[in-house]
Amino acid sequence: MLKDITLGQYFPGTTLIHRLDPRAKMVLLFAFITALLMANHPLTYGFVLLYLTVTVSVSRIKLSSLFRGLRPMLFIIVFTAVLNIFYTPGEPLVTFWVFKITAEGIERAAFMALRLIMLISATFLLTYTTSPLALSDALARLLSPLGKIRVPVHEFAMMMTIAMRFIPTIIEETDKIMNAQKARGADFETGNLFRRAKALIPLLVPLFVSAFRRADELAVAMECRCYHGGKGRTRMNQPHMAARDVWALTTSVALFAGVTVLGRLGWFLP
Amino acid sequence: MLKAENLTYIYGQNTPFETKALDGADFSVSAGEFAGLIGHTGSGKSTLIQHLNGLLKPHSGRILLEGRDIWEKGAKMRGVRFAVGLVFQYPEYQLFEETVGKDIAFGPKAMGLSEAETDERVREAMEFTGLGADLAEKSPFDLSGGQKRRVAIAGVIAMRPKVLVLDEPTAGLDPSGRREILTHIQDYRAQTGAAVVLVTHSMEDIARVADTVTVLSRAKPILRGTLDEVFSRREVLTGIGLDVPAVTRVLLRLRALGLDVDAGAYTLEDAVRAVKAVRAC
Amino acid sequence: MDEIIRFEHVSYSYPTEVAAADKDGAASGSSEDRSVTPAPALNGVSLAVRRGETVALLGHNGSGKSTLVKMLNGMLTPDTGTVTVCGMDTGGDPLKIRQQVGLVFQNPDNQIVATVVDEDVAFALENLGVPPAEIRERVDAALRDVGMSEYKSHAPHRLSGGQKQRVAIAGVLAMNPTVLALDEPTAMLDPKGRVEVMETVRRLNAEKGVTVVMVTHHMNEAALFDRVVVMDKGAVALDGSPREVFRRAEELQALGLTVPQTVALAQALGLDAAPLTEEECADAIYHAYKGEPHC
């Protein structure tokens, strides 16, 4: 049933990675991805992979969970790898018909696949160890300087919070309306695409009507609690960067710097 | 008519949230019977009634409709849905059509009835629920809360179910709205001979309309029988935070005070009669 | 006399297009044509509520109860007449008035903003720009007052109806309001949730002296208030103690209302009394009957 869907695949925990400030984690992910994209040598790849491996093992997220997240992306990974195998110029190893496979191609394909896998894994690691609420809050806080140039950051954050708050409610309601219409003989499962789309009307209309009603009531309730936009607002929870956050950020800067420097001085390496 | 045997249902099986919503529950209702179903939130009432029309499949146990297992191979589930009409809590939130008439016609159309037959069903259902014929062309969204509720109930009645199951049909209505809805349901039963299952929190409502009561607690029925049989077991009811109707409590107290009054009265009218009988003898 | 709320000759009509859509306004049983000729939602209401009083507002759907409640904190302002709360005209600074009158609505789901209980309770104080440390203190106090402290880091959608409604009460209580106004807060709850909310409201009144105005359809809840005001067609039809009001069972019936079962029983037996509890009712019947000869 729809109720069983968990949002954003968050695995609650108390490891160092779980406890990091979500803002620090976001910056960390950003630094990691940049380093990953700049890595161009087996040695730098090795550094990045080592960094990710250590992080994953500290977070105690099971590898199987990470791979499960990768599965939907498998097609893209394989597709990219195949393109690289066939379309990288160089010394052909095997040639048949119009295709030729080069040693450079195989190497590049392997690196590309590894890069994508690491990129996706790192992103999943963030969502696995951070609640969706903390994520949206962190995003809003990171973006808050944009408020100075009239980007409606507060409104955006408020929308995110309300969306997070109401997603479970609306999922439950969808379930309920679906059952109610099934009880009147509605059939959501059979027929061609057109019939199925049409069958959704008895579900979607009540859902929209109800969402608007909720929005209306919520707006009144918010106004009754003195809501008047972001002006002059304070927050109860003021996050503080802890020592562990500073340390985590330092390691990421070190990784980033290391990869960049090694990349520039690539000719030093064998 | 409808019989559920030894139903077990578990929510979120194999997850940390696993809960047994039904644990070996029996329930039955015969044609023309008005069965009350009572119990706390979380006692399994909603889960039980969703089994009655096959919306949920039990993990064990079976449901027999007129002697046939509704989950046996080759059984038509939609036929079961039409025979066992289920009205959910706050059913007005399921209305979706442009007009009241079209919305009520949704069920009959799904049954594959002809246009003429559908119209007849709609007219009849509106009559049963006390909706004036002039409302048929109105948008359901322009109606009052109580009227919307009745349109939604009419949408189920239009399928002429042999068993009409209602989950708290009077929740959130004002006193006159509550009375009206119960009266319409009684009329439907009286005129069609259908069985009715009423889920409610109100002992007073049960006392007014039901023939039998089933009390659910912690995923299984703990009491079942006629009003007399169930209400005479007050200690079981209070043990799970329920009680007999208020007027009955007054009569019990009168007995405690030494007045020899019959405490087997559950409605206002019966209680008045019981007290007057003391004087009349 | 310490007056907290004063309505003087207050009349109000919803703008026509709103009138048709307004749930409470259009909800009367068979008045299908009311969107054509919008009757005023409030029609010359005069009413005064004392500090610390608890008032139950009764009336069938569409009698003007909800409109009256929305007038208390300036969400609606009268077309004619004045509403004064704590000495302020409700047409004045909305933030000041809303702090004085906390409003709680019927559907607990649609008034909880945040995804964590304590963050939701903090919402009003954050809006008012209260310093974070003070918010924390007042949020904790409000949660304690409604008995929800242990749920402060829970997700609201996992709570029961009664618990959600107590969180909603804490959300307005954090503003330290003088008046707590509740529009059918128990209508969507099960009996257990209803009791939880009623106990919370009564405790807040007894311990903190909060003035309470509450709309309800449940007569046994109304019986627990100091005063019952019955609305009909946008005006006050009956006003008095529960005993005084419920004694007039026939008038109430004509207004689409009922009386508690205990009152109905006593009156059906021809007793001139309005017993509000079962004990009282049994005693009244017993005393009326024990004098009579038994066979």
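Up top you'll find the structure we're talking about.
The rules we used
- Residues numbered from 1 in each chain as written.
- Chains lettered and ligands numbered in written order.
- Predicted model: local features only at pLDDT ≥ 70, side-chain atom pairs only at ≥ 80, totals over all residues.
- Heavy atoms only, no water.
- Helix = DSSP H or I, 4+ residues; strand = E, 2+ residues; numbered from the N terminus.
- Rg over C-alpha atoms; globule rule 2.2 N^0.38 Å.
- Buried < 20%, exposed > 50% of the residue type's maximum accessible area, 1.4 Å probe, protein only.
- Areas by Shrake-Rupley, 256 points an atom, 1.4 Å probe, with all protein chains shown as cover.
- Expected span 1.5 Å × (residues − 1).
- Arc of directions from axis to C-beta.
- Contact = heavy atoms within 4.5 Å.
- Buried area = accessible area lost by both parts, 1.4 Å probe.
- Salt bridge = Lys/Arg side-chain N within 4 Å of Asp/Glu carboxyl O.
- Polar contact = N/O pair within 3.5 Å; in protein donor to acceptor, adjacent residues only side chain to side chain.
- Nonpolar A, V, L, I, M, F, W, Y, C, P; charged D, E, K, R; others polar.
- Axes fitted to C-alpha atoms, helices over the stretch in contact; angles between N-to-C directions.
- Left-handed = near helix turned anticlockwise from the far one by under 90°.
- Phe/Tyr/Trp six-rings, centres within 6.5 Å; stacked < 30°, edge-to-face > 60°.
- Lys NZ or Arg CZ within 6 Å of the ring centre and 35° of its normal.
- Lys, Arg positive; Asp, Glu negative; His and termini not counted.
- Pairing = 2+ DSSP bridges.
- Core = buried A, V, L, I, M, F, W, Y, C linked by side-chain atoms within 4.5 Å.

A. Region of interest: the overall build of chain C. For chain C, the count of helices and strands is 12 helices and 10 strands. Against the globule reference of 19 Å for 295 residues, chain C gives a C-alpha radius of gyration of 20 Å, in line with a compact fold. By its C-alpha atoms, chain C is 75 × 50 × 40 Å across when sized along the principal axes. Burial statistics for chain C: of 295 residues in total, 57% are counted as buried. Split by element, the accessible area of chain C, about 11,200 Å² in all, is 48% carbon and sulfur.

B. Examining helix H3 (residues 42–59) of chain A more closely. Residue and element names in this part refer to chain A. The end-to-end C-alpha distance of H3, which contains 18 residues, comes to 25 Å, matching closely the 26 Å that a straight helix rising 1.5 Å per residue would cover. For H3, the set of buried residues is Thr44, Tyr45, Val48, Tyr51, Leu52, Thr55, Val56 and Ser59. The buried residues of H3 occupy an angular sector of 130 degrees when the element is viewed end-on, so they sit on one face. Seen from the buried face of H3, the exposed residues on the opposite side, beyond 90 degrees, are Leu50 and Ser57.

C. Representation of the interface of chain A and chain C. Listed by partner, the interface residues are 29 residues for chain A and 38 residues for chain C. Summed over both partners, the interface of chain A with chain C buries about 3,000 Å², with 58% contributed by carbon and sulfur atoms. A per-residue breakdown of the area chain A buries against chain C is headed by A:Arg165, A:Arg225 and A:Met236, which together make up 30% of the total. Linking chain A to chain C there are five salt bridges. Its salt-bridge partner being A:Arg165, residue C:Asp109 comes within 3.5 Å of it at the nearest N-O pair. Here chain A is connected to chain C by 15 residue pairs in polar contact (both at pLDDT 80 or more). Contributions of two or more residues to the side of chain A that touches chain C are made by helix H8 (153–183) and helix H10 (201–224) of chain A. Here the element with the most residues in the side of chain A that touches chain C is H10(A); it accounts for nine residues. Of the residues belonging to the side of chain A that touches chain C, the class tally is 14 nonpolar, seven polar and eight charged.

D. Quick peek at the pattern of salt bridges. Applying the stated rule across the entire model yields 46 salt bridges over all chains. Between B:Asp270 and B:Arg273 there is a salt bridge; the shortest N-O distance is 3.0 Å. One end of the pair, B:Asp270, and the other, B:Arg273, are both in helix H11 (residues 268–280), three residues apart, so they sit about a helical turn from each other. Given the relative accessible area of 31%, B:Asp270 is considered partly exposed. Here C:Lys164 ties to C:Asp109 by a salt bridge, and the two come within 3.0 Å at their closest N and O atoms. On the criterion of sequence distance, the pair formed by C:Lys164 in helix H6 (residues 161–173) and C:Asp109 in the loop between strand E6 (101–104) and helix H4 (117–127) is long-range, its members being 55 residues apart. Summarising the burial analysis for this pair, C:Lys164 and C:Asp109 share the class buried. Several salt bridges converge on common partners, so that one network encompasses B:Arg234, B:Asp243, B:Arg249 and C:Glu278.

E. Here's a closer look at the packing of H4(C) against H6(C). All names here are of chain C. Contact geometry for H4 and H6: axes closest at 7 Å, N-to-C directions at 35 degrees. As for how H4 packs across H6, the hand of that crossing is right-handed. Packed against H4, whose contacting residues are Val117, Asp120, Val121 and Ala124, the element H6 presents Val167, Ala170 and Gly171 at the interface. Within the contact of H4 with H6, the residues separate by chemical class into five nonpolar, one polar and one charged.

F. Highlighting the side chain of A:Thr55. Position of A:Thr55 relative to the elements: it lies in helix H3. In this view, A:Thr55 contacts A:Ile17 and A:Leu125; residues no more than four positions away in its chain are not counted.

G. Up close: the interface of chain C and chain B. Taken residue by residue, the interface counts 37 residues in chain C and 35 residues in chain B. Where chain C abuts chain B, roughly 3,300 Å² becomes buried across the two surfaces, and 62% of that area is made up of carbon and sulfur atoms. Our count for the contact surface shared by chain C and chain B stands at one salt bridge. Between B:Arg249 and C:Glu278 there is a salt bridge, with its nearest N and O atoms 2.6 Å apart. Listed by contribution, the elements that provide at least two residues to the side of chain C that touches chain B are helix H11 (261–268) and helix H12 (278–290) of chain C.

H. Representation of the environment of A:Glu104. Residue and element names in this part refer to chain A. Considering the arrangement of structural elements, one finds Glu104 in helix H6 (residues 103–129). Under the relative-accessibility criterion, Glu104 is labelled partly exposed at 37%. Between the C-alpha atoms of Glu104 and Asn84, which are 20 residues apart in sequence, the distance is 9.0 Å. Every residue in contact with Glu104, bar those within four places of it in the chain, is listed here: Thr88, Pro89, Gly90 and Glu91.

I. Inspection of the packing of aromatic side chains at higher detail. In this structure the tally under the stated criterion is 11 aromatic pairs over all chains. Residues B:Tyr9 and B:Tyr11 carry aromatic rings whose centres are separated by 5.0 Å and whose planes lie at 80 degrees to one another, so their mutual orientation is edge-to-face. For the pair B:Phe96 and B:Phe106, a centre-to-centre distance of 5.3 Å together with 90 degrees between the ring planes defines the contact as edge-to-face. Here B:Phe106 lies in helix H3 (residues 100–110) and B:Phe96 lies in the loop between strand E6 (84–87) and H3, a separation of 10 residues in the sequence. No difference in accessibility class separates B:Phe96 from B:Phe106, as the two residues are buried. The positively charged end of A:Arg165 is found above the aromatic ring belonging to A:Phe166, 4.4 Å away from the centroid.

J. Geometry of the side chain of A:Asp245. Residue and element names in this part refer to chain A. Checked against the element boundaries, Asp245 lands in helix H11 (residues 243–264). The side chain of Asp245 sits in the buried core without any salt bridge; Arg244 is the nearest counter-charge, 4.6 Å away. Here Ala242 takes part through its backbone nitrogen, which lies 2.7 Å from a polar atom of the side chain of Asp245. If we skip the residues at most four places from it in the chain, Asp245 touches Leu20, Asp21, Ala24 and His240.

K. Focus on the sheet that holds strand E2 (residues 19–29) of chain B. All names here are of chain B. An order of E2-E1-E4-E5 is seen for the four strands of this open sheet, with the pairing classed as antiparallel. For this open sheet the edge positions go to E2 and strand E5 (68–69), each flanked by a neighbour on one side alone. Relative to E5, strand E4 (residues 60–65) runs antiparallel, the two sharing two bridges. Bridge assignment links Leu64 to a residue of E5, and that residue is Asp69. Helix-sheet contacts for helix H1 (residues 45–52) involve strand E1 (2–11), E2 and E4, and the interaxial angle to E1 is about 125 degrees.

L. Seen up close, H11(A). All names here are of chain A. Compared with the 32 Å implied by 1.5 Å per residue over 22 residues, the 32 Å span of H11 between its first and last C-alpha is a close match. Those residues of H11 not exposed but buried are Asp245, Ala248, Ser252, Leu255, Val259 and Gly263. End-on, the buried residues of H11 take up no more than an arc of 90 degrees, which puts them together on one face. Exposed side chains of H11 directed beyond 90 degrees from the buried face belong to Ala243, Trp247, Val253 and Arg264.

M. Just the sheet that holds strand E4 (residues 80–85) of chain C, in detail. All names here are of chain C. Taken in spatial order, the four strands make up an open sheet running E2-E1-E4-E5, and their pairing is antiparallel. Single-partner strands in this sheet number two, and they are strand E2 (42–50) and strand E5 (88–89). In this sheet, E5 lies alongside E4 in antiparallel orientation, the contact comprising two bridges. Across the sheet, Val85 pairs through a bridge with Met88, a residue of E5.

N. Expanded view of the nonpolar core. Residue and element names in this part refer to chain C. Ile169, Val230 and Phe246 are the most contacted members of the largest nonpolar core, which has 55 residues in total. At six residues, the largest contribution of residues to this core is made by H6. Beyond its immediate chain neighbours, meaning those up to four positions away, Ile169 contacts Val104, Val146, Leu180, Leu182, Val197, Val201 and Leu204.

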